[in-house]
Amino acid sequence: MTLQVLHSRATRCFLAMLVPLICLSGPSALPAQTGKELVADACYNARHQLEHKTLWQSQIERRTAGHVYLEEEIETVDGPIRRLISVDGHKPSPSERKQDDDKLRDPVQNPKAQQALKKDSTADERKFDDLLRVIPEAFLFEDQGNQGGLEKIAFRPNPAYIPKTYEERALHAMSGIILIYLQEKRLVQLSATLAQQVDFGCGVLGHLNKGGTINLTRVRVSPGIWKTSSSKIDIGGRVVLFKTISKQCEETHSGFKLVASDTDIAQALQQLGGASLYFQ
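Just so it is clear, the model here is predicted, and its values are computed rather than measured.

> In this structure, what is going on with the packing of aromatic side chains? I would like to understand it.
Two descriptors summarise a pair of aromatic rings, namely the distance from one centre to the other and the angle between the planes of the rings. One pass over the full model with this rule turns up 3 aromatic pairs. Between the aromatic rings of phenylalanine 139 and phenylalanine 155, the centroid separation amounts to 5.2 Å while the plane-to-plane angle is 85°, which identifies the pairing as edge-to-face. Of this pair, phenylalanine 139 sits in strand E4 (residues 139–147) while phenylalanine 155 sits in strand E5 (residues 150–157), placing them 16 residues apart in sequence. There is no split in this pair, since phenylalanine 139 and phenylalanine 155 are both buried. Ring geometry for tyrosine 181 and tryptophan 226: centres 6.0 Å apart, planes at 40°, overall tilted. Highlighted residues: tyrosine 181 in strand E6 (residues 174–181) and tryptophan 226 in strand E11 (residues 225–239), separated in sequence by 45 residues. With a relative accessible area of 7%, tryptophan 226 lands in the buried category.

> I tried to follow unusual backbone geometry on my own but got confused; where do I start?
A negative phi holds for most residues other than glycine; trans holds for most peptide bonds. One non-glycine residue with positive phi stands out, namely alanine 65, at about 55°. Its identity is not glycine, yet aspartate 88 carries a phi of approximately 55°, on the positive side. With respect to the element layout, aspartate 88 can be found in the loop between strand E3 (79–87) and helix H3 (94–109).

> Whenever I open this one, the pairing of strand E2 (residues 67–76) confuses me. Can you help?
Most of E2 is tucked away: 7 of the 10 residues are buried. Examined bridge by bridge, strand E1 (residues 55–64) and E2 share 8 bridges and lie antiparallel to one another. Residue pairing across strands places glutamate 61 opposite leucine 70, the latter belonging to E2. Between the antiparallel neighbours E1 and E2 lie 2 residues, among them alanine 65 with a positive phi of about 55°. Here E2 pairs with E3 via 8 bridges, running antiparallel. When the sheet's bridge partners are listed, glutamate 72 is paired in E3 with arginine 83. Taking the residues that link successive antiparallel strands as the turn, the E2-E3 hairpin has 2 residues.

Criteria and cut-off values
Residues numbered from 1 in each chain as written. Predicted model: local features only at pLDDT ≥ 70, side-chain atom pairs only at ≥ 80, totals over all residues. Heavy atoms only, no water. Phe/Tyr/Trp six-rings, centres within 6.5 Å; stacked < 30°, edge-to-face > 60°. Helix = DSSP H or I, 4+ residues; strand = E, 2+ residues; numbered from the N terminus. Buried < 20%, exposed > 50% of the residue type's maximum accessible area, 1.4 Å probe, protein only. Pairing = 2+ DSSP bridges.

Have a look at this one:
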């Protein structure tokens, strides 16, 4: 385990820590269920859904570092790839287009890059599954009632639970509210705050600052399938060598389209940029 999760891949990994909380699916909740039982059933159903993965295409508006990036994303069997469409409402400059196209071609022309993409994607999915297993025990849940068909459940760290990994430690430090669509046991919205500072290696290796926030919204894209439609992350901290983390990113996904379950990177590139992107 390295601290790369706290730097270049911070957004994806924080989402990886939270997605298990929001991939909620299954039959309608029984009135007698406690908040913990509802979440435990939802986590079990979400793990089952992960085993029957579908691939999707969507358009993403990403706000970070004072800029707005519009991108097209296609999920593939080797992991998701994105192509830049515009920056701050304008077409990418020639240098921005070249940099983005080179990044897209790299996994096809460089076997090591493709292997790295696949490895990262597989590792993220494994983390999702691992965290789904521990969530019912890692938190204390309080059912705060029904609001128009949505069950409001508050969660906070369970002091009796001992995290085993860096991901679990960061996840376990969060508290907040989730809204679950009871008819399908699906989360509609999650708001989480780091209730305490998270230290890695007794603080020597780094930390995540108390008060960081993450907000996620999910939408139904087809029967039995829900996807994250928006995410907003505001996390700060420090890693080794006193390098500061300031992860402020907001993404909105729209226009979800189902793609073939065997879509590979080359096929996705053809859809994103045509033959010129693939063969140059």
